[in-house]
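# Residue-level structural notes
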Amino acid sequence: MMEERNKIQTVAELSAKGKTPEILFWVGCAGSFDDRYKRVTVALVKILNAVGMDFAVLGPEETCTGDPARRAGNEFLFQMQAMNNIQVMNGYNIKKIVTACPHCFNIIKNEYPELGGNYEVIHHSQLIQELINSGKIVMNEGGAFKGRKITYHDSCYLGRANDVYVAPREVLQTLDADLVEMKRCRTTGLCCGAGGAQMFKEPEKGKKDINVERAEEAIETGAKTIAVACPFCMTMMSDGVKAKNKETEVMVKDLAELIAEAQGL
Amino acid sequence: MEYLSQIAFLATLLVAGYFLSKRILFIRDSIRLGKPMETSGSTGDRWKNVFLIAFGQKKMFKRFIPAIFHFFIYFGFLVINLEVLEFVIDGLAGTHRIFAPYLGSVYSLAISFFELLALLVLIACVIFLIRRNFLKVPRFWSAEMTKWPRLDGNLILVIEIMLMAAILKMNAADQILQARGEHYTATGTLYISSLLIPLFENFSTELLILVERIGWWFHIIGILGFSIYITYSKHLHIFMAFPNTYFAKLEPKGHINNMPVVTREVKSMLGLPAEQTEQPPSVPGRFGAKDINDLSRHHLMAAYACTECGRCTSECPANLTGKKLSPRKIMMDTRDRMEEVNRNLRKGNKGLDDGKSLLGDYVTKEEINACTSCNACVEACPVMINPLEIILEMRRYVAMEESGSPASWNSMFQNIETSFAPWKFAPSDRFNWANELKK
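Residues numbered from 1 in each chain as written. Chains lettered and ligands numbered in written order. Predicted model: local features only at pLDDT ≥ 70, side-chain atom pairs only at ≥ 80, totals over all residues. Heavy atoms only, no water.

## Some points on the sheet that holds strand E3 (residues 96–99) of chain A
Residues and elements named next belong to chain A. One open sheet holds the four strands; their spatial order is E2-E1-E3-E4, and the pairing between them is parallel. Two strands lie at the open edges of the sheet, namely strand E2 (55–57) and strand E4 (120–123), each paired on one side alone. The mean inter-strand angle of the sheet, taken between neighbouring strand axes irrespective of direction, is 30 degrees. Relative to strand E1 (residues 23–26), helix H4 (residues 35–50) is tilted by about 165 degrees, and along the sheet it contacts E1 and E2. Against the sheet, helix H8 (residues 124–133) makes contact with E3 and E4, and its axis sits at roughly 85 degrees relative to E4, the strand it touches most. (Pairing = 2+ DSSP bridges. Helix = DSSP H or I, 4+ residues; strand = E, 2+ residues; numbered from the N terminus. Axes fitted to C-alpha atoms, helices over the stretch in contact; angles between N-to-C directions. Contact = heavy atoms within 4.5 Å.)

Structure representation (structure tokens):
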């Protein structure tokens, strides 16, 4: 059982057996290298295995989608990355992709088609929502999160960029928790401050850091868990909570981690 | 002598028409400084945006209080302008209230309804003046709202108040004259303006005729003058909002426009076959945007559609936390620079080659670097302006033409090039996360 839960295969391994996964899990750079977000990657793998999903990862063959390069203005670098990734994925005949990173989600879904990469792309919040709706994930009543206050921070690249507002909230609702909204949520949700390649430089001069402003807003709701669905939001919100010295009281967790935890995975 | 007022009216119309058409041509030429537009997607979806968002004011209603008062002004102006049709016919034909005898009681009802709208417009304008000047709603006082933009906003409200007051005064005087048997066409009771009758009742008949005529002339000259004024003003949104919503992007907001020029080069570098349709451009353009001619005509048109309401800036995370970036300023700067270039060209000067450019002289790198591309400004704009696209075009110029991106972005670029990740990790370690599962 334990082995099944931790099973991980690369597309190359499957291909050697003449197989193609039903769905490719695009891990992303943060999911591969960022110590904090690696835990989200692992949580999602456990969920996918628990429901018996036919999936695989590219492993060492995956490279940056080119999102930060494009948003910072370096179109050449972006297109080099994109074309290479598209060649790899088309070579394996990939049709469907799930990712835990809204930036990878957005760029593969909306910007790869113009360069010859056409896939059905979903974000992990949407996949988990589907799994819950189809009864593949059954949440126990009165779980560990029952009555706990959770607030969800909208990722710009999921929300405004792609109108995904409902899926993450529906997933959280199954936790039987008390879901509270921040004043600025959904279409008016405040950015964590990391988008548009801001993750990779210091902010310009100003009165305050954006993530601190957002963390304050989240803390004000009284929630003890801030749910996120993006690796950059994860870093920014965690740092923001630390800046307010609340890291012992307020947790920042990804949706996949919360579901995996509630499922005892 | 008999035709004097008709001749004067015709002359007024012609003079106004002359100046207005000159301004329209100026605006057209300003927009044409940009690159030709490419539209994709369904025409039906574009018209849907025009009807829902421009006509239907859908996005205005995200903030209810200003939306409701704005709706009074918007609807009032749409409807009251029907009355201007009668003004024009009367003015040219030398008639007085030409529609009244034909429409009878419908006329009194219609004019009373227009008067109600005029009153609502008036109230809304007063409330907006209070919001701007006494309540000092912050978005009307931020850094780019210097003297002229603030004055422009107030002037429009004051002019609208005066125009509406002129109609009501004119109608009040008219009704007294009708009662005095001065051969004025019967209109029946006009419900709003009749409330003003006590103010004028003691006037002599001559004075009342003068009040009525002044009201009439003031309103029509006012409207004509106003239509010329708005071509200089932020108020031009009353027209440009419509084409702007039509041409607004239909793709999800997260989508960034592709650069086919780069696609062609990258494909040839990778030895991939380029598509037939991807012909090299006749004029080698710049990568990204340094000046207004690098932007598309739609970006320039959007600058004319901006009414400086500042909803974008009030939701911009960078601006909220004290950074210099303001999406509204990006649009205002684009308009200022485009008009500057066009004015220069008309004077026979060099236009674009005046030693200035949009990026550098109007917008600074500090501003564009602060953008998180979160789309809050795009979402907030009631007329679907997209300041983010302009910001990204300028970033492309800085990155690809100047190699002038911030040092940490340059290192990020290098990491992606050499390690295929924005951070400096060995590519061979990419799959190490899976070791966690093997434990």
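## A look at the interface of chain A and chain B
On the chain B side, the residues contacting the 72 residues of chain A number 61 residues. Counting the surface lost from both chain A and chain B, the interface buries some 5,800 Å², and carbon and sulfur atoms represent 69% of this. Broken down residue by residue, the surface that chain A buries against chain B is led by Phe33, Phe76 and Phe200 of chain A, which jointly contribute 13%. On inspection of chain A and its partner chain B, the count reaches two salt bridges. (Buried area = accessible area lost by both parts, 1.4 Å probe. Salt bridge = Lys/Arg side-chain N within 4 Å of Asp/Glu carboxyl O.)

## A word on the sheet that holds strand E6 (residues 178–180) of chain A
Residues and elements named next belong to chain A. Read from one edge of the open sheet, four strands run E6-E5-E7-E8, paired in parallel fashion. Edge positions in the open sheet fall to E6 and strand E8 (251–254), since each of these has one partner strand only. For this sheet the average axis-to-axis angle between neighbouring strands, irrespective of direction, equals 35 degrees. For strand E5 (residues 149–152) and E6, the ladder comprises three bridges, and the chain directions are parallel. What sits directly across from isoleucine 150, in E6, is leucine 179.

## Re helix H2 (residues 43–55) of chain B
Residue and element names in this part refer to chain B. Between its terminal C-alpha atoms H2 stretches 17 Å, which fits the 18 Å expected from 13 residues at 1.5 Å a residue. If you check which residues of H2 are buried, you get Arg46, Asn49, Val50, Ile53 and Ala54. For H2, the angular spread of the buried residues around the axis is 110 degrees, confining them to a single face. Residues of H2 that are exposed and angled more than 90 degrees away from the buried face: Lys48 and Phe51. Of the surrounding secondary structure, the elements contacted by the buried residues of H2 are helix H3 (64–93) and helix H9 (237–247). Trailing H2 by a residue or two, glutamine 57 shows a phi angle of about 60 degrees, which is positive. (Expected span 1.5 Å × (residues − 1). Buried < 20%, exposed > 50% of the residue type's maximum accessible area, 1.4 Å probe, protein only. Arc of directions from axis to C-beta.)

## Some details on a nonpolar patch on the surface
Residues and elements named next belong to chain B. Among the surface-exposed residues, Phe75, Leu78, Phe113, Leu116, Leu119 and Ile123 lie close enough to one another that they form a single nonpolar patch of about 460 Å² accessible area. Elements with a minimum of two residues in the nonpolar patch: H3 and helix H5 (105–133). With four residues, the single largest contributor to the nonpolar patch is H5. Relative to the elements of secondary structure, leucine 78 occurs in helix H3. (Patch = residues over 30% accessible without salt bridge, like charges linked within 9 Å, V, L, I, M, F, W, Y side chains within 5 Å. Areas by Shrake-Rupley, 256 points an atom, 1.4 Å probe, with all protein chains shown as cover.)

## Some details on the packing of aromatic side chains
Centre distance and the angle of the planes are the two values used to describe a pair of aromatic rings. All names here are of chain B. Scanning all chains against the criterion turns up 25 aromatic pairs over all chains. Centroid distance tryptophan 47 to phenylalanine 51: 6.2 Å. Interplanar angle 35 degrees. Geometry classified as tilted. Within this pair, tryptophan 47 and its partner phenylalanine 51 are both found in helix H2, separated by four residues, close to a single helical turn. Accessibility expressed as a relative area gives 45% for tryptophan 47, which makes it partly exposed. Over the ring of tyrosine 232 we find arginine 23; its NZ or CZ atom is 3.7 Å from the centre of that ring. Lying over the aromatic face of phenylalanine 140, arginine 132 brings its terminal NZ or CZ to 4.1 Å of the ring centre. (Phe/Tyr/Trp six-rings, centres within 6.5 Å; stacked < 30°, edge-to-face > 60°. Lys NZ or Arg CZ within 6 Å of the ring centre and 35° of its normal.)

## What to know about the side chain of glutamate 160 of chain B
All names here are of chain B. Within the secondary structure, glutamate 160 sits in helix H6 (residues 147–179). For the buried residue glutamate 160, which engages in no salt bridge, the nearest side chain bearing the opposite charge is lysine 234, 8.7 Å off. Within polar-contact distance, the side chain of glutamate 160 engages the side chain of histidine 235 at 3.2 Å. Contact partners of glutamate 160, with chain neighbours within four places excluded, come to Ile73, Phe77, Cys125, Phe226 and His235. (Lys, Arg positive; Asp, Glu negative; His and termini not counted. Polar contact = N/O pair within 3.5 Å; in protein donor to acceptor, adjacent residues only side chain to side chain.)

## Description of unusual backbone geometry
Residues and elements named next belong to chain B. You will see that arginine 97, though not glycine, has its phi angle at about 50 degrees, which is positive. Counting through the fold element by element, arginine 97 comes out in the loop between H3 and helix H4 (100–103). Residue class for arginine 97 comes out buried when judged on its relative accessible area of 4%. The phi dihedral of lysine 136 falls on the positive side, at around 45 degrees, and the residue is not glycine.

## Some words on the pattern of salt bridges
Tallying each qualifying case throughout the model produces 41 salt bridges over all chains. Two residues, lysine 253 of chain A and glutamate 261 of chain A, come together in a salt bridge whose shortest N-O distance is 2.9 Å. Taking the relative accessible area as the measure of exposure, lysine 253 of chain A reaches 17% and is therefore buried. Looking at glutamate 261 of chain A, the relative accessible area reads 41%, which means it is partly exposed. Here arginine 63 of chain B ties to glutamate 315 of chain B by a salt bridge, and the two come within 3.0 Å at their closest N and O atoms. Of this pair, arginine 63 of chain B sits in the loop between H2 and H3 while glutamate 315 of chain B is found in helix H12 (residues 311–315), placing the two residues 252 residues apart along the sequence.

## Side note on the domain arrangement of chain A
All names here are of chain A. Looking at chain A, the domain boundaries give domain 1 (2–129) and domain 2 (139–262). Each of domain 1 and domain 2 was reduced to a C-alpha centroid, and the two centroids are 23 Å apart. Contacts between the two partners involve 27 residues from domain 1 and, on the opposite side, 29 residues from domain 2. Carbon and sulfur atoms supply 71% of the area buried between domain 1 and domain 2, which totals about 2,100 Å² over both sides. A per-residue breakdown of the area domain 1 buries against domain 2 is headed by Arg36, His103 and Gln129, which together make up 25% of the total. Along the contact surface separating domain 1 from domain 2 lie one salt bridge. For the interface between domain 1 and domain 2, the tally reads 10 residue pairs in polar contact (both at pLDDT 80 or more). (Domains from an automatic or database assignment.)

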